[in-house]
Amino acid sequence: MALRNKPVRREEPLPDAEIHSEGFRQTREARRGALVEDYVELIADLIEDGNEARQVDIAARLGVAQPTVAKMLTRLCADGLVSRKPYRGVFLTEAGRKVAEESRIRHQTVEAFLRSLGVSAETARIDAEGIEHHVSAETLEAFRRAMTHRQA
């Protein structure tokens, strides 16, 4: 991609500072929640797959070190999303199951929408992993409506 000599100009004036800051606030909140949602969703997937959600498996699937997982599991326990048992895996609480289910639904909706646009399965899966944390309920509903109209 060639660099431009002229900066790209905004099409509209800057919004009011309070309105402008809302978008940034929502993005910061989504970033904070993304890791929690990724962990909880993965724990649910491992349990559903018939396995225990063990620290070593979580680390391998997320591509992080076990001490990183241990620190996050401590946070998830404190937040009431998981429970741990000595010499056993990690288990979701009712609140953790709810977070996992909501995250899974968002992920599946975003992935299906991307696929409906012609994005390859692998790219849609990877892109949905990031987008799912930042998309609003309104946008998800618009994705669903767009997919319904395409099928009609």
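Residues numbered from 1 in each chain as written. Predicted model: local features only at pLDDT ≥ 70, side-chain atom pairs only at ≥ 80, totals over all residues. Heavy atoms only, no water.

1. A closer look at the UniProt feature "domain: HTH dtxR-type" (unreviewed entry) in the chain
Okay, so step 1: UniProt feature "domain: HTH dtxR-type" (unreviewed entry): in the numbering of this structure it lies at residues 37-93.
Okay, so step 2: What you have in residues 37-93 is 58% helix and 11% strand, and the ends, taken at the C-alpha atoms, are 14 Å apart. (UniProt positions renumbered as here; feature names shortened; annotations may be inferred. Helix = DSSP H or I, 4+ residues; strand = E, 2+ residues; numbered from the N terminus.)

2. Observations concerning helix α6 (residues 137-151)
Okay, so step 1: Along its 15 residues, α6 runs 21 Å from first to last C-alpha, staying within 8% of the 21 Å computed at 1.5 Å per residue.
Okay, so step 2: Restricting attention to buried positions, one finds in α6 the residues L140, F143 and M147. Mapping the buried residues of α6 onto a view down its axis gives an arc of 55 degrees, with all of them on the same face. Turned more than 90 degrees away from the buried face of α6, the exposed residues are E138 and H149.
Okay, so step 3: Its buried side turned inward, α6 meets α4 (94-116). (Expected span 1.5 Å × (residues − 1). Buried < 20%, exposed > 50% of the residue type's maximum accessible area, 1.4 Å probe, protein only. Arc of directions from axis to C-beta. Contact = heavy atoms within 4.5 Å.)

3. Thoughts on the packing of helix α2 (residues 55-62) against helix α3 (residues 66-78)
Okay, so step 1: Orientation of α2 relative to α3, taken along the N-to-C sense of each, is 110 degrees, at an axis distance of 9 Å. Relative to α3, α2 is oriented roughly perpendicular. Here α2 and α3 pass one another in a crossing that is right-handed. Taken together, the residues of α3 that come into contact with α2 (itself represented by Q55, V56, I58 and A59) are Q66, V69, A70 and L73. (Axes fitted to C-alpha atoms, helices over the stretch in contact; angles between N-to-C directions. Parallel < 35°, antiparallel > 145°, perpendicular 65-115°, else oblique. Left-handed = near helix turned anticlockwise from the far one by under 90°.)

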